[in-house]
Amino acid sequence: MTDAASRCQPESMTQTQTERSRTFSWTDPTEHAKLFAERSGLDVLRAMAAGDVPPPPIFQLIGGNRLQVEPGSVTVTLDPQEFHYNPIGTVHGGIISTLLDTAAACSVQSTLPAGVGYTSMDLNVKFLRPVTVDTGLVTCTGAVLQQGRRTALAEARLTDPAGRLLAHATSTCLLFPLPTR
């Protein structure tokens, strides 16, 4: 084999990673849906923030820390962890997008009366800085920008502890009556 050919051959690799694991639990998500059919979005979200109602499964899955709710604005926080990482060692864009979508869409939900729900029609995300474990607690604040009878426009901003903007999103939500059971 020539020197050039031997340089093109893959080298033998040894994996030295230590396996890690994670366990989490969640409550029945249909119970959340029932609450929004009976109570305003603001009431249910405030009950979640106070710990009177468990958070939804997605919040448990990503390991969200805190929920703060005001009419038309929701803030969520997250301590970045290794299990949020993509293959290059930064928090995966899907986790960041989930935070942005949660803050924006829940901000819309905080304005809705009992029996009215929403679904995200789009989410336009701009990633501005990498997020890692070393970033520290990130804060994502959503706010309703405009709301009509059938749609609402919201934004969300993800910042680091120094207040630097890490990512930004806008989202359009479709508003609809929740099914009665």
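Structure first, text after, so check above.
**Q** What should I look at first to understand the sheet that holds strand β3 (residues 116-127) in this one?
**A** Strand order in the open sheet formed by six strands is β1-β2-β4-β5-β6-β3, and the pairing between neighbours is antiparallel. At either margin of the open sheet sits one strand with a lone partner, and together these are β1 (64-70) and β3. When strand polarity is set aside, the average angle formed by the axes of neighbouring strands in this sheet is 20 degrees. Across five bridges, the pairing between β1 and strand β2 (residues 73-78) is antiparallel. Across the sheet, Gly-64 pairs through a bridge with Leu-78, a residue of β2.

**Q** Help me understand the side chain of Gln-109 in this model?
**A** In this structure, Gln-109 sits in helix α5 (residues 93-109). Residue classification places Gln-109 among the buried residues on the basis of a relative accessible area of 5%. Side-chain polar atoms of Gln-109 contact the backbone oxygen of Val-116, separated by 3.4 Å. Residues in contact with Gln-109, not counting those within four places in the same chain, are Phe-36, Gly-41, Leu-42, Leu-45, Val-116, Gly-117 and Tyr-118.

**Q** Which parts of the structure should I look at to understand the environment of Tyr-85?
**A** Take Tyr-85: it is sitting in the loop between β2 and α5. Tyr-85 gets classed as partly exposed once you look at its relative accessible area, which sits at 28%. As a C-alpha pair, Tyr-85 and Lys-34 span 51 residues in sequence and 34 Å in three-dimensional space. Contact partners of Tyr-85, with chain neighbours within four places excluded, come to Thr-90, Val-91, His-92, Thr-132 and Val-133.

**Q** What exactly am I supposed to notice about helix α3 (residues 41-50) here?
**A** Because the α-helix completes a turn every 3.6 residues, residues three or four places apart line up on one side. Along α3, the positions that sit buried rather than exposed are Gly-41, Leu-42, Val-44, Leu-45, Ala-47 and Met-48. Buried positions along α3 lie against α2 (29-38), β1, β2 and α5. A positive phi of about 85 degrees marks Gly-51, the residue just after α3.

**Q** Mind showing me how you'd approach the nonpolar core here?
**A** For soluble globular proteins, nonpolar side chains are generally found buried alongside one another. In this structure, Val-76, Leu-99, Leu-100, Cys-140 and Leu-158 are the most contacted members of the largest nonpolar core, which totals 39 residues. Of the residues forming this core, the biggest block, nine residues, is contributed by α5. Ignoring any residue separated from it by four or fewer positions in sequence, one finds Val-76 in contact with Phe-59, Arg-66, Leu-67, Leu-99, Thr-102, Ala-103, Val-138, Thr-139 and Cys-140.

**Q** Help me out: how do you make sense of the environment of Ser-120 in this one?
**A** Following the sequence through the fold, Ser-120 ends up in strand β3. In this structure Ser-120 comes out as partly exposed when scored by relative accessible area, which is 30%. With 53 residues separating them in the primary sequence, Ser-120 and Cys-173 have C-alpha atoms 4.4 Å apart. Non-local contacts of Ser-120, meaning those with residues more than four positions away in its chain, are made with Asp-101, Ala-105, Ser-171, Thr-172 and Cys-173. Reaching out from Ser-120, the side chain makes a polar contact with the side chain of Asp-101 at a distance of 2.9 Å.

**Q** Just checking my understanding: could you explain the layout of surface pockets for this structure?
**A** Empty space among the atoms becomes apparent when a probe as large as a water molecule is rolled across them. Of the volumes computed, that of the largest pocket is approximately 500 Å³. In this structure, the largest pocket is lined by 23 residues; those nearest its centre are Phe-36, Pro-56, Cys-106, Gln-109 and Tyr-118. Counting only elements with at least two residues in the lining of the largest pocket, the list comes to α2, α3, α4 (57-62), α5 and β3. Here the element with the most residues in the lining of the largest pocket is α5; it accounts for six residues. Class assignment of the residues belonging to the lining of the largest pocket gives a composition of 15 nonpolar, seven polar and one charged.

**Q** What should I look at first to understand a nonpolar patch on the surface in this one?
**A** Side chains of Phe-24, Trp-26, Ile-58 and Leu-61 sit close together on the surface and give an oily, nonpolar patch of about 380 Å² of accessible area. Mapped onto the secondary structure, Phe-24 falls in the loop between α1 (3-8) and α2.

**Q** In this structure, what is going on with the pairing of β2? I would like to understand it.
**A** Buried residues dominate β2, accounting for five of its six residues. Where β2 lies against strand β4 (residues 138-147), six bridges are found, and the strand directions are antiparallel. Within β4, the position partnered with Leu-78 by the bridge is Val-138.

About the thresholds
- Residues numbered from 1 in each chain as written.
- Predicted model: local features only at pLDDT ≥ 70, side-chain atom pairs only at ≥ 80, totals over all residues.
- Heavy atoms only, no water.
- Pairing = 2+ DSSP bridges.
- Helix = DSSP H or I, 4+ residues; strand = E, 2+ residues; numbered from the N terminus.
- Axes fitted to C-alpha atoms, helices over the stretch in contact; angles between N-to-C directions.
- Buried < 20%, exposed > 50% of the residue type's maximum accessible area, 1.4 Å probe, protein only.
- Polar contact = N/O pair within 3.5 Å; in protein donor to acceptor, adjacent residues only side chain to side chain.
- Contact = heavy atoms within 4.5 Å.
- Core = buried A, V, L, I, M, F, W, Y, C linked by side-chain atoms within 4.5 Å.
- 1 Å grid on protein atoms, 1.4 Å probe; cavity = no way out; pocket = protein on both sides within 12 Å on 5 of 7 lines; lining within 4 Å.
- Points joined across faces, edges and corners; volume = space filled by probe spheres on them.
- Nonpolar A, V, L, I, M, F, W, Y, C, P; charged D, E, K, R; others polar.
- Patch = residues over 30% accessible without salt bridge, like charges linked within 9 Å, V, L, I, M, F, W, Y side chains within 5 Å.
- Areas by Shrake-Rupley, 256 points an atom, 1.4 Å probe, with all protein chains shown as cover.
- Salt bridge = Lys/Arg side-chain N within 4 Å of Asp/Glu carboxyl O.

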